[in-house]
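Fold and geometry: a report
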Amino acid sequence: MTDRKQFRTLPLARLAMMLIVVAAQPAQADEEAEIAALNAMLEAETDVATSNRMNADFVPGMVSVMYGEELKRLGARNAAEALDRVAGIYVTEGNRGNYRVQVRGVGATLSGSNIKILLNGLPMNSAANGAADAVLRIPIEQIQRVEVIRGPGSALYGEYAMTGVVNIITRTGDNAVGVRGGSHGYLQGDAMTSGISESGLSWKANVSTWGRDETGRQSNPDNFARRGNGNSPGSVDDDFDGNLLLAGLGYQGYQLSAQFLDVRRGDYFGRNALADWDTERSKEQLVGLALDKNWKMSETVTSELTISGLQTDFNDSATLTIPKGVDPPGPRPPVTRDVYRQHSNTSRQYRADLKFNFELGRRHHLLWGLGYADLDVVESGSTFIEPGVSVNQATATQVLVLEGSHRRIASSYLQDQWRVIDSLEVTLGARYDHYDDWGENWSPRLAAVWQPFDAHIFKFQYAESFRPPTLEESYPGPDLFGGTTTTSDVTAEELRSMELAYIYRHSGRVLRATLFKTHIGNLIEFFQNPGDPPIFRNHGEIHSWGGELEWEEYLGRKWKLMSNLSYVEARDTVTDEPLVGVVHWLANAMLSWDVNSAVNLSGRVRYVGEQQGWSDRVRAGQADSFDPYTTLDAVVSWEHPMGLRGLELRAGANNLLGESYDILPNPAQYPTGLTDEGRTLWVSAAYQFGAH
């Protein structure tokens, strides 16, 4: 333990002292770098919104593009923390440590299946439950940029693109290595390489491994503690580790890529109760392969074919369902033993996507796409474990999702971008998806971008999107809960959204203001009336509206400000109360200071407003709300220290002031919320070969 403490503190102190000395030395400003940074802020491009590369401020809807180098300077440690810097997005960890991404007030009670997650343009959402938690844990050192659509994206991306789309682009074109270490025994190593032969064969590879011990955080009391049962409050099992391997080959327009991602983590707070047994950690493993080919069919027509396959293995950590000593309601006898339950499944998806781009003149662009997807649950199991006594396999019907569950999806989409006049571009689009197990869905979009003057842009969009029932929601094991039969009768959740935006861009300053109004219907919920079997059903609606303000500006030659403020009002129409988990106010203020050409100091202040709690909707004694909190991150960066070109050193602190706060649990098993992990300190070093 002493060695770990020395590892965490001594390098950080030494590096900070060295950086302070260098910061005190005068240096000449690198004017070319400053101009390049200014242009990057004004001309950030993306193809996530239209599938055609365009400036992010001119695409339909609101799109954010964040670059890996800047995210590192601002203290983001992985893809999820990058999202938390976007206006209107709030990322937290759930009862079992899985990321929950709330977009414009929606998503606090979902496991990531409300957003479409892409890795280098390839869909990563699991066929079984729609989540892609492992992808959000990719270290920031591996990321070139993150592209985010705030709002519906189903017109192009189909399923799960209900409240947003996230495309994580990993680094390429670099030959580099890096290490990071920090609090709680955190260790990380990264390497990447790429090149091209004389014959035109190109290659690239990215490797990363990371891990952390338990932080020592303590849980709040769970629902069983009030009667003297269970193990809470107690120590939270929040260790984790991960491994990433990405590889690619390119030749004469063909691109072959492979993805391997393996993430394991402790049981954290437990789904229902805090465990007192060191269970096997949960595992999420993704293995994918994709082949992509572009053709130029004529001077005005191009096409692209992508064929991909993805296997996702889930193996949940064993969770304590009901602690011993609890007297359950009804005729069942008191629980006399601690029995843990562990679920696992393996799902596969195979996809083929073909799209055609037509240039119908200088002002007119047409995109047409066809897609097919084949989704299957090839293995599913469940185990009952009594520590030190027995391990029993559940029956084939006592599982989260039935083995053999399958789904076939055929889709087609059309998008028409037409520049009506020099200052006005209109985008019309629609996507049709046919599911062989529950029906069909249309996702239309109408958008306009008007630029009456060089510095002023107005945007309007109406769009619809959907979240299909996952295979777990459509095909649950009928004997999942023992003694009663679980059924499902669900169709897709549907979203309708309108948004209006104004953008001002001039002389190193960008201001964005967005208003939105959203309606979500056919909400999928797990429901059980006393005495009746449980069922997945469509029930309820959400109405939300709000606004987002963003401000980016260079303040002189050395300072850059990036800030955003968002407000959302979301109500559950069934209860006519604020939506569970909604945070009305969110804000980020990020400031970057180039002390000289080698040293940068950056900080981020994050404000999270009051979060709506469960109150008494599910059981008595739940918190009505969770208090607002403010955290501070700080990073100091030193490039080319002591004249060593290609070397980069960083030291940082997340939640520098050690702010304590609680957040919404889901399920509502912790009446006063889930506790935070506290202050985190870290240092990193990276070296890029061949840097000039």
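Described in the following lines is the structure provided in the data block. (Residues numbered from 1 in each chain as written. Predicted model: local features only at pLDDT ≥ 70, side-chain atom pairs only at ≥ 80, totals over all residues. Heavy atoms only, no water.)

**Here we look at the side chain of T319**
Filter applied, for reference: Helix and strand assignments come from DSSP, with helices taken as H or I runs of at least 4 residues and strands as E runs of at least 2, each series counted from the N terminus. In what follows, residue pairs with any heavy atoms lying within 4.5 Å of each other are defined as contacts.
Relative to the assigned elements, T319 resides in strand β17 (residues 319–320). Residues contacting T319, with those up to four places away along its chain left out, are R96, D267, G270, R271, N272, V339, Y340 and R341.

**Overview of the packing of aromatic side chains**
For the record, the criterion: The criterion for an aromatic pair is that two Phe, Tyr or Trp rings (for Trp, the six-membered ring) have centres within 6.5 Å, with stacked assigned to planes under 30 degrees apart, edge-to-face to planes over 60 apart and tilted to the rest. In this analysis the charged atom, NZ for Lys or CZ for Arg, is taken to sit over a ring once it is within 6 Å of the ring centre and within 35 degrees of the ring normal.
In the structure shown here, the tally under the stated rule is 15 aromatic pairs. By way of ring pairs, the aromatic residues F356, F358 and W368 are connected into one cluster. Positioned over the ring face of F516 is R104, at 4.5 Å from the centre of the ring.

**A closer look at the side chain of E569**
For clarity, the cut-off: N or O atoms within 3.5 Å of each other form a polar contact, as long as, within protein, one can give a hydrogen and the other can take it, and as long as residues adjacent in sequence are counted only when both atoms are side-chain atoms.
Counting through the fold element by element, E569 comes out in strand β31 (residues 559–572). At a separation of 2.7 Å, a polar atom in the side chain of E569 contacts the side chain of Y567.

**Topic: empty space enclosed by the protein**
Our working definition: Space inside and on the surface of the protein is sampled on a 1 Å grid over the protein atoms alone, with a cavity defined as a set of points where a 1.4 Å probe fits but cannot get out and a pocket as an open set with protein on both sides within 12 Å along at least 5 of 7 lines; lining residues have an atom within 4 Å of a point. Grid points are joined across faces, edges and corners, and a volume is the space filled by probe spheres set on the points. Three classes are used, and their members are as follows: Ala, Val, Leu, Ile, Met, Phe, Trp, Tyr, Cys and Pro are nonpolar, Asp, Glu, Lys and Arg are charged, and the others, Gly among them, are polar.
Applying the stated criterion to the full structure yields 11 cavities of 30 Å³ or more. Here the largest cavity defines a volume of roughly 910 Å³. Lining the largest cavity are 43 residues, and of these R77, E81, E93, Y99 and E677 sit closest to its centre. By residue number, the principal contributor to the lining of the largest cavity is strand β4 (residues 89–93), which donates four residues. In this structure, the second largest cavity occupies an estimated 80 Å³ of space. In terms of lining residues, the second largest cavity is bounded by V103, R104, V106, G151, P152, M162, T163, L495, S497, T518 and S544. When grouped by side-chain class, the residues that make up the lining of the second largest cavity number five nonpolar, five polar and one charged.

**Here's the deal with the sheet that holds strand β9 (residues 164–170)**
Applied cut-off: For two strands to be treated as a pair, DSSP must find no fewer than two bridges joining them.
Sheet architecture is open: five strands sit in the order β3-β8-β9-β6-β7, paired in mixed fashion. The open sheet has two free edges, formed respectively by β3 (62–67) and β7 (122–123), since each of these has just one partner strand. With two bridges connecting them, strand β6 (residues 115–119) and β7 associate as antiparallel partners. Across the sheet, residue L119 finds its bridge partner in β7, namely L122.

**Things to note about a nonpolar patch on the surface**
Operational definition: Any residue with relative accessible area above 30% and no salt bridge may belong to a patch, with like charges joined within 9 Å and the nonpolar Val, Leu, Ile, Met, Phe, Trp and Tyr side chains within 5 Å. Under the convention used here, a 1.4 Å probe and the Shrake-Rupley method define accessible areas, while residue burial counts only the protein chains that appear. A side-chain nitrogen of Lys or Arg and a carboxyl oxygen of Asp or Glu constitute a salt bridge if their distance falls within 4 Å. Using a 1.4 Å probe on the protein chains alone, a residue whose accessible area is under 20% of its type maximum counts as buried, one over 50% counts as exposed, and one in between counts as partly exposed.
Taken together, the side chains of L201, W203, L249, Y251, Y254, L256, L289, L291, W295, M297 and I307 define a hydrophobic patch exposed on the protein surface, amounting to about 1000 Å² of accessible area. Breaking the nonpolar patch down by element, the ones donating at least two residues are β13 (240–251), β14 (254–265) and β15 (282–296). Considering every element that reaches the nonpolar patch, the biggest residue donor is β15, with three residues. Relative to the elements of secondary structure, L249 occurs in strand β13. The class of L249 is partly exposed, set by a relative accessible area of 41%.

**Topic: unusual backbone geometry**
The amide bond that connects S232 to the next residue, P233, takes the cis arrangement and shows omega of -5°. In this fold, P233 is placed in the loop between β12 (202–212) and β13. For R104, which is not glycine, the phi torsion reads 50° and is therefore positive. Note that R104 resides in the loop between β5 (99–103) and β6. The phi dihedral of N522 falls on the positive side, at around 60°, and the residue is not glycine. Its place among the elements puts N522 in the loop between β27 (509–521) and β28 (524–527).

**A short note on the pattern of salt bridges**
Under the definition given, this model contains 46 salt bridges. Among the salt bridges present, the one from R431 reaches D433, with a minimum N-O distance of 3.0 Å. If you follow the salt bridges from partner to partner, you end up with R77, E81, E93, R212, R217, D238 and E677 in one network.

**A look at the pairing of strand β38 (residues 647–654)**
With eight of its eight residues buried, β38 lies for the most part within the structure. Residue alternation in β38 divides its side chains into two sets, L647, L649, A651 and A653 and E648, R650, G652 and N654, and both sets are buried. In this structure, strand β37 (residues 629–639) lies alongside β38, joined through six bridges in antiparallel fashion. In the strand pairing of β38, S637 is matched with R650. Two elements, β38 and strand β41 (residues 680–688), share eight bridges in a ladder whose sense is antiparallel. Its bridge partner being in β41, L649 is matched across the sheet by A685.

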